[in-house]
Amino acid sequence: MTVHLEVAEGVGTIRLDRPPMNALDVAVQDRLRELAEEATRREDVRAVVLYGGEKVFAAGADIKEMQAMDHTAMVLRSRGLQDSFTAVARIPKPVVAAVTGYALGGGCELALCADYRIAADDAKLGQPEILLGLIPGAGGTQRLARLIGPSRAKDLIFTGRMVKAEEALALGLVDRVVPAAEVYPAAHAWAAKLAQGPALALRAAKESIDTGLETDIETGLTVERNWFAGLFATEDRERGMRSFVQEGPGKAKFL
């Protein structure tokens, strides 16, 4: 298999495994969708790490495969491409991307599907599709602009340039930079901490934020209000408030 899901202590690691560069061909895309849907369903997965291994996250699409496609073939395939990445973005649990080496094109777009991104200090990210006479097709024009703002997104997409980790951090493209050997441990630790948290409240927070970014503020506030009130019916809310009153803040255990 070109992508694996490994689960331990509440953390599911979706691992790309197509050496040498984890090129995102159709088989990888479809497998990503399958595993994202599996991670969504599984109760033992409470947080997710996206990882490509020690050397590279994903260097982009399989250009040889794409070169053989004509317009009709890509019309038929482009929806499946986007759906694969959207399935990752819609995992209703905390998702962190552990970015090593290159995250280019589709690799960068996959990292954009995470809630949080930790990059190696020697990582390079970018959307170089313009250099092929194309634009990003797996959500890059939409997710990148929402994350770092339209003018910065246009700079990266128009030029196709790669950015090093420190610039990516300054742009807001990644959230934390660590030595390469620490990327996966840091990402796993972030996920493991949240895996111990209140699953429904985390799901509510993620859906409220994501929905709010995609719609007007009144609709976003309605989603927030409904989730906020609904959480009062959960055992986690009872446990969290009881612990706060009896023991003080930050001591509740939700598992």
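Residues numbered from 1 in each chain as written. Predicted model: local features only at pLDDT ≥ 70, side-chain atom pairs only at ≥ 80, totals over all residues. Heavy atoms only, no water.

Caption draft 1: Focus on the overall build of the chain. Broken down by element type, the chain carries 11 helices and nine strands. In terms of its C-alpha atoms, the chain occupies a principal-axis envelope of roughly 65 × 40 × 35 Å. Within the chain, the proportion of its 255 residues that are buried is 44%. Summarising the internal contacts of the chain: among those between residues at least 6 apart in sequence, 69% fall at separations of at least 24. Accessible area of the chain: about 13300 Å², with a carbon and sulfur share of 56%. With 31 positive and 35 negative side-chain charges, the chain shows a spacing of 2 Å between the two charge centroids. (Helix = DSSP H or I, 4+ residues; strand = E, 2+ residues; numbered from the N terminus. Buried < 20%, exposed > 50% of the residue type's maximum accessible area, 1.4 Å probe, protein only. Contact = heavy atoms within 4.5 Å. Areas by Shrake-Rupley, 256 points an atom, 1.4 Å probe, with all protein chains shown as cover. Lys, Arg positive; Asp, Glu negative; His and termini not counted. Charge placed at Lys NZ, Arg CZ, Asp CG, Glu CD.)

Caption draft 2: Structural view of the layout of surface pockets. The calculated volume of the largest pocket comes to roughly 1100 Å³. Lining the largest pocket are 36 residues, with Ala89, Cys113, Arg143, Asp210 and Glu214 positioned closest to its centre. Sorting elements by how many residues they give to the lining of the largest pocket places helix H9 (residues 199-214) first, with 10 residues. Taken as a whole, the second largest pocket holds about 540 Å³ of empty space. The wall of the second largest pocket is formed by 31 residues, among which Ala61, Met66, Glu129, Leu134 and Gly137 lie closest to the centre. (1 Å grid on protein atoms, 1.4 Å probe; cavity = no way out; pocket = protein on both sides within 12 Å on 5 of 7 lines; lining within 4 Å. Points joined across faces, edges and corners; volume = space filled by probe spheres on them.)

Caption draft 3: Geometry of the packing of helix H1 (residues 26-41) against helix H3 (residues 71-89). Look at H1 against H3: their axes get within 8 Å of each other, and the N-to-C directions meet at 40°. Judged by the inter-axis angle, H1 sits oblique to H3. Judged by the twist between their axes, the crossing of H1 over H3 is left-handed. Taken together, the residues of H3 that come into contact with H1 (itself represented by Val26, Gln29, Asp30, Leu32, Arg33 and Ala36) are Arg77, Leu81, Asp83, Ser84, Ala87 and Val88. Of the residues that constitute the contact of H1 with H3, the class distribution is six nonpolar, two polar and four charged. (Axes fitted to C-alpha atoms, helices over the stretch in contact; angles between N-to-C directions. Parallel < 35°, antiparallel > 145°, perpendicular 65-115°, else oblique. Left-handed = near helix turned anticlockwise from the far one by under 90°. Nonpolar A, V, L, I, M, F, W, Y, C, P; charged D, E, K, R; others polar.)

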